[in-house]
Amino acid sequence: MLGKMINRLEESFLCLLLVSMTLLVFAEVVARFGFNAGIHWAQEVTLTMMAWFVLFGASYGVKVGSHIGVDVFVKMLPRDVHRAVTMVAIGLCLFYCGLFLYGSWVYVGKLHMIGITMDDAKVMGEEVPKWIPTSVLLIGFSLLVVRFLVLFWGVITHKADGFHLADEAKESMHIADQLKAMQEKEESK
Amino acid sequence: MATATLFLLLFACMFMGMPIAIALGLSSVSTILMFSNDSLASIALKLFEATSEHYTLLAIPFFILSSAFLSTGGVAKRIIDFAIDSVGHIKGGLAMASIMACMLFAAVSGSSPATVAAIGSIVIAGMVRSGYPEKLAAGVITTSGTLGILIPPSIVMLVYSAATEVSASRMFMAGLIPGVMMGFLLMVVIYIVARVTNLPSQPFPGFLQLARSGGIAMGGLMLIIIVLGSIYGGIASPTEAAAAAAVYAFLVAVVGYRDMGPIKGVPWRKEGEGMGSVFVRNTVQMVGAIPRSIYNKEVNKVVLDAAKVSMMLLFIIANAMLFAHVLTTERIPHSVAETIMQWGLPAWGFLIVVNVLLLIAGNFMEPTAILLIMAPILFPIAVQLGIDPIHLGIIMVVNMEIGMLTPPVGLNLFVTAGITGHNMIWVIKSVLPWMLLLLFFLMLITYIPQISLFLPEYIDSLKGY
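Nothing here was measured: the structure is a model prediction, and the numbers come from that model.

A. Broad picture of the environment of S112 of chain B. Residue and element names in this part refer to chain B. Along the chain, S112 turns up in helix α7 (residues 112-129). Aside from chain neighbours lying at most four places away, what touches S112 is G145, T146, G148, I149, M404 and N412. A polar side-chain atom of S112 sits 3.4 Å from the main-chain carbonyl oxygen of T146.

B. The arrangement of the interface of chain B and chain A in detail. If you look at the interface, chain B gives 74 residues, while chain A gives 67 residues. Between chain B and chain A, the buried area comes to about 6,400 Å², and carbon and sulfur atoms account for 79% of it. Looking at the side of chain B facing chain A, the largest losses of area belong to M16, F48 and M311 of chain B, adding up to 11% of the total buried there. Here chain B is connected to chain A by 1 salt bridge. A salt bridge links E240 of chain B to R32 of chain A, with the shortest nitrogen-to-oxygen separation between them at 2.7 Å. Taken together, chain B and chain A are joined by 4 residue pairs in polar contact (both at pLDDT 80 or more). Take the side of chain B that touches chain A: its biggest share by element is 14 residues, from helix α14 (residues 297-329) of chain B.

C. Region of the structure containing the pattern of salt bridges. Residues and elements named next belong to chain A. Counted under the stated rule, the structure contains 9 salt bridges over all chains. Where E10 meets K63, a salt bridge forms, and the shortest distance between an N and an O atom there is 2.6 Å. Of this pair, E10 sits in helix α1 (residues 2-35) while K63 sits in helix α2 (residues 42-64), and the two are 53 residues apart along the sequence. The shortest N-O distance in the salt bridge between D161 and R79 comes to 3.0 Å. One end of the pair, D161, is in the loop between α5 (136-156) and α6 (168-188); the other, R79, is in helix α3 (residues 79-114), and 82 residues separate them in sequence. Through salt bridges with shared partners, a single ionic network connects E10, K63 and R147.

D. Seen up close, the confidence of the model for chain B. Residues and elements named next belong to chain B. Averaged over chain B, the pLDDT score is 87; the fraction of residues at 70 or greater is 100%. No element of chain B has a lower mean pLDDT than helix α13 (residues 275-292), which averages 80, and none a higher one than helix α2 (residues 20-35), which averages 92. Interface scoring of the predicted complex returns ipTM 0.93; its pTM is 0.91.

E. Up close: the packing of aromatic side chains. All told, the structure shown has 14 aromatic pairs over all chains when counted by the stated rule. Relative to W52 of chain A, the ring of F13 of chain A lies with its centre 6.4 Å away and its plane at 80 degrees, an arrangement referred to as edge-to-face. With F13 of chain A in helix α1 and W52 of chain A in helix α2, this pair connects stretches of sequence that are 39 residues apart. Looking at F13 of chain A, the relative accessible area reads 28%, which means it is partly exposed. With 6.0 Å between their ring centres and 65 degrees between their planes, F63 of chain B and F172 of chain B make a pair best called edge-to-face. Highlighted residues: F63 of chain B in helix α4 (residues 59-70) and F172 of chain B in helix α10 (residues 168-197), separated in sequence by 109 residues. By way of ring pairs, the aromatic residues F73 of chain A together with F7, F11, F15 and F323 of chain B are connected into one cluster.

Conventions used here
Residues numbered from 1 in each chain as written. Chains lettered and ligands numbered in written order. Predicted model: local features only at pLDDT ≥ 70, side-chain atom pairs only at ≥ 80, totals over all residues. Heavy atoms only, no water. Helix = DSSP H or I, 4+ residues; strand = E, 2+ residues; numbered from the N terminus. Contact = heavy atoms within 4.5 Å. Polar contact = N/O pair within 3.5 Å; in protein donor to acceptor, adjacent residues only side chain to side chain. Buried area = accessible area lost by both parts, 1.4 Å probe. Salt bridge = Lys/Arg side-chain N within 4 Å of Asp/Glu carboxyl O. pLDDT = per-residue confidence, 0-100. Phe/Tyr/Trp six-rings, centres within 6.5 Å; stacked < 30°, edge-to-face > 60°. Buried < 20%, exposed > 50% of the residue type's maximum accessible area, 1.4 Å probe, protein only.

This is the structure in structure tokens:
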């Protein structure tokens, strides 16, 4: 139940970011061509949303298996060797997250101390301190740590052998299935 | 030392099955920590900048979103109808129409495996029914499906321009002639095969029917015209064109074609309905459909799918920028270039090496990953040897096309095996003659740079540069 709710929340947040980025750039195009005007804060806000989209989304991608990787070789290994290799790999991924968490902590801390603000974007006339949008580094990498720990547990308990990676060929097949369904519907008429 | 560490770590991590993004990031960060004085805070800063300072990168999620709306079975059907009506009456016409449909759908969807799945599952069965050998049908479709990454707008080209800072607009101009040429080449070969083996042709349906199916397909095809027109005309940047394309694709899919969303399957005109009623009902439904899409399950799924793919690509690109940073600070491409110069390797020799390297890499990795690793290395060398970066980009993309047809990672092979129900060996055998044609095409592209460079240079000269 809780898992489902978190899932919904993550998905809605990512979709919301993607749609708002698109509409914001589109609105800017319309404003420029239609009204010869510009939205001066649009670019900074869109780019900040992109950073949130990518860094927040990375951990969701680990969960649902949308990252790509090379798994032809590890899949040829015997199952237990494969699992051992995956455990080492997850350890390295956690090390990667740790490095970035430490670096981000120092960086965001410095931004907070110096008190730099964003260039154009203002909220109700108030300047926005730059450390707030940048803090997604900490959020993103912490979530990534959680996802890798969950995966590690999965490998220990034999629920998974390797990383859950994307398979574009398999995903394309849903168009083929959709067409098959359409054809069967037509034939039955 | 730094070079060896970087690449050893990268390949070790990658072959352990780690996500490529993290393999790139981890190997770069470790190399920076071991061989330079950069702090971790400055690396975190670089990663944040990589995701938030490149306006051109925004074109990637927007194009993915627009293609997600139009990569549906319904759009494929409309494009195929149009293609059959226009070239089906020539000898071997059904195969030629399939190639044309692949080219058009590829341009709209930008994805090769999706093209094979969508066009292939309709036309392969159709071709077998009208007397074509199944092997021929499967081979042609699998090969022409690869055109998706060459015909603009193409995501792979955007990735190349992100990796090398070559203008994406110019890449989109450069890809058009090679893409159309490759399609044309395939059609000519089919025509010859059709003459020799006496393949069937379809009856010509008449100009009225052609105009009708053309008009229907135009809804989706307008997307290509809008995007390429605004980019070639210099009115909009790829990012702006892509945002407009995404909004347009949503409107076509939900309001125009009604393949998905709240008014899915509602006809424009019900039987025996008066014109006044048609006008009022459609207006009300269309205006209502746009806000109702926000909580429509199908529309949500399309946006979520696009979000997954674009976030994955952008995360790889962000990490690849760290990788490129290590390459430049360690001057790796520079020293490779110097070695090559010392050998006295001419530009054409270098291009052979590039092609062989890319063909091998194409067997194991996805196009975007190869581009992000190889482009920052090859690009500075090519520039020193006097090879145009745009030309190099097109060569790399054509190599990636061939990579989609070679086992063990050739995506298109898996899709064809899936839709025909045959095994991989059968599919590989069916593709083999067409892959030779593609290799011949690669040679043309490699040694006649004008094929790629003519259009961008011509458009420049029109603008008076």
